[in-house]
Amino acid sequence: MLTTREMQDEIIRLKKENDICILAHAYQSQDILEVADYVGDSYGLSVLAAKSPCKTVIMCGVRFMAETCKILSPDKRVILSNSEAGCPMAEQMDKELVLELKKMYPDHSVVAYINTTSELKTVCDVCVTSSSAVKIIKNIENDKIIFIPDCNLGSYVQKQVPEKDIKLFHGGCPTHIRITKKDVEKAKSLHPNALLLVHPECIKEVTQCADYAGSTTGIMEFAKKSDAKEFIIGTENSIVQHLQFECPDKKFYVLSKDCVCHNMKLTTLGDVLSCVKGGGEEIELSEQVLKKAKICLDNMLALGG
Ligand code: 13P
Ligand code: SF4
């Protein structure tokens with residue numbers, strides 16, 4: 001049996017030999033981040049997916065991220081590192097429901113969180129991520145917006161962009177909603193000098209207590225640059241481990257021990273090794289889905305600049 005180090009060396013050798021780029025979301029485990037060519041949030045991964053010169057991309061994350069990569073780079077082979085890894089929020093709304101909403105509000109633009117299926121993106125106008133939502137919604141010409149499906153991110157955006165009429169439908173992240181206001185009170189009383197950094201997928205009552213709200217990359221950058229020495233982190237708990245690893249002179253505390261995304265944890269280093277050897281699931285989407293969903297993602301990259 002190979003050690004972690006031997007597996008990593010083999011992955012690095014094979015990815016170079018076979019012109020493969022490995023993209024990893026920041027919620028992946030440390031051993032995977034170490035072999036990735038790029039680690040970041042959903043927006044960063046999308047930009048890289050569109051730019052990467054490699055013929056094959058392995059996405060270590062969840063299905064909608066691999067689909068996004070395929071839509072932005074249709075000529076590449078895009079491999080999802082573990083085919084069971086999906087985002088439950090991405091399945092919360094279907095195309096028919098969005099078409100109904102469009103009939104009810106024909107003068108509204110439909111803004112979809114990137115955590116949606118490629119099928120759903122075909123009937124939306126523009127995608128956003130947690131790091132780009134405020135900027136993109138400000139940049140959309142239309143003042144009437146339907147925002148789907150994360151009502152917590154949507155309500156955070158409503159607060160930042162009060163001049164627009166933003167209607168929220170219909171769900172949220174089952175991982176981040178586990179964090180409660182009580183968790184905030186407890187963590188603050190245990191660590192009174194720590195800054196509270198949270199993801200806007202958290203409920204409103206949590207986000208409004210934060211010293212900073214932003215994407216996974218945003219949280220990490222904030223903590224690294226800050227002069228403060230202690231931080232309570234309100235997002236998937238792997239970020240606490242990564243920050244502690246990168247900033248050993250600072251202290252990081254989990255806001256809730258329950259904030260663990262099991263889907264993001266499905267991919268193992270063994271899966272990545274199997275992918276560079278030709279395994280994993282290759283993402284295939286119909287021509288029609290590729291063409292229509294691309295409009296929504298191209299608009300995101302243009303407006304998110
Ligand atoms: P970001 O990495 O864009 O902050 O998104 C978090 C997330 O939940 C991804 O599924
Ligand atoms: Fe989906 Fe939430 Fe997991 Fe992100 S953390 S992949 S939004 S379930």
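Further up the page is the structure itself.
Nothing here was measured: the structure is a model prediction, and the numbers come from that model.

Cut-offs used in this document
- Within each chain, residues carry numbers counting from 1 in the order of the written sequence.
- In the order they appear in the text, chains get letters beginning with A and ligands get numbers beginning with 1.
- Under the rules for a predicted model, residues below a pLDDT of 70 receive no local features and side-chain atom pairs below 80 are neither given nor counted, while totals for whole chains, interfaces and linings still include all residues.
- Excluded from the side-chain calculations are hydrogens and water; all other atoms, namely the structure's heavy atoms, are used.
- A helix here means a DSSP run of H or I that spans at least four residues, while a strand means a run of E at least two residues long, and both kinds are numbered starting from the N terminus.
- The criterion used for residue contact is that any of the two residues' heavy atoms lie within 4.5 Å.
- Under the convention used here, Asp and Glu are negative, Lys and Arg are positive, and both His and the chain ends fall outside the count.
- A charge is said to be at NZ when it belongs to Lys, at CZ for Arg, at CG for Asp and at CD for Glu.
- Near residues are defined by distance, with any heavy atom within 4 Å of the molecule or strand qualifying the residue.
- Polar contacts here mean pairs of N or O atoms no more than 3.5 Å apart (in protein, one a potential hydrogen donor and the other a potential acceptor; neighbouring residues in sequence count only if both atoms are side-chain atoms).
- Using a 1.4 Å probe, accessible areas were evaluated by the Shrake-Rupley method; residue-level cover was limited to the displayed protein chains.
- Three classes are used: nonpolar for Ala, Val, Leu, Ile, Met, Phe, Trp, Tyr, Cys and Pro, charged for Asp, Glu, Lys and Arg, and polar for all others, with Gly counted as polar.
- Throughout, exposure labels follow a simple rule: accessible area from a 1.4 Å probe, protein chains only, divided by the maximum for the residue type, with under 20% read as buried, over 50% as exposed, and the rest as partly exposed.
- Paired strands are those between which DSSP finds at least two bridges.
- For this analysis, a nonpolar core means a set of buried residues of the types Ala, Val, Leu, Ile, Met, Phe, Trp, Tyr and Cys, connected via side-chain atoms within 4.5 Å.

Asker: Would you mind showing me how to read the overall build of the protein here?
Answerer: Helix and strand content of the protein: 14 helices and 13 strands. Projected onto the principal axes, the alpha-carbon positions of the protein cover approximately 55 × 55 × 30 Å. The contacts in the protein between residues at least 6 apart in sequence include a share of 61% that link residues at least 24 apart. For the protein, the centre of its 37 positive side-chain charges and the centre of its 42 negative side-chain charges are spaced 3 Å apart.

Asker: Looking at this structure, how should I read the site of ligand 1?
Answerer: What surrounds ligand 1 is a group of 13 residues, the closest being His25, Ser42, Ser130, His199 and Thr216. Asparagine 115 has a polar side-chain atom sitting 3.2 Å from an oxygen atom of ligand 1. Take serine 130: an N or O atom from its side chain is 2.9 Å from an oxygen atom of ligand 1. For ligand 1, whose unbound accessible area comes to 300 Å², protein coverage reaches 96%. Of the residues contributing to the shell around ligand 1, the split by class is four nonpolar, seven polar and two charged.

Asker: Could you clarify how one ought to interpret the pairing of strand 5 (residues 109-113) in this entry?
Answerer: For a regular strand, the rule is simple: side chains alternate between the two faces of the sheet. The element strand 5 is largely enclosed, with a buried count of five among its five residues. Across the two faces of strand 5 the burial is the same, with Ser109, Val111 and Tyr113 and Val110 and Ala112 all buried. The pairing of strand 5 with strand 7 (residues 144-148) spans four bridges and is classified as parallel. When the sheet's bridge partners are listed, serine 109 is paired in strand 7 with isoleucine 145. Bridge count between strand 5 and strand 6 (residues 126-128): three bridges; the pairing is parallel. Within the sheet, the bridge partner assigned to valine 111 lies in strand 6 and is valine 126.

Asker: How should I be thinking about the nonpolar core in this particular structure?
Answerer: Nonpolar side chains in soluble globular proteins tend to end up buried together. In terms of nonpolar packing, the biggest core is built from 87 residues, with Ile137, Ile148, Val157, Ile233 and Leu255 touching the most fellow members. Counting residues in hydrophobic clusters, the runner-up holds 18 residues, among them Ala24, Val35, Ala36 and Ile79.

Asker: Quick question: what am I supposed to make of unusual backbone geometry here?
Answerer: Peptide bonds are trans in most cases, and residues, glycine excluded, mostly fall at negative phi. In the segment running from isoleucine 148 into proline 149, the intervening peptide bond is cis, with an omega of -15 degrees. Positive phi outside glycine occurs at aspartate 19, with the angle close to 55 degrees. Residue position: aspartate 19 is located in the loop between helix 1 (4-17) and strand 1 (20-25).

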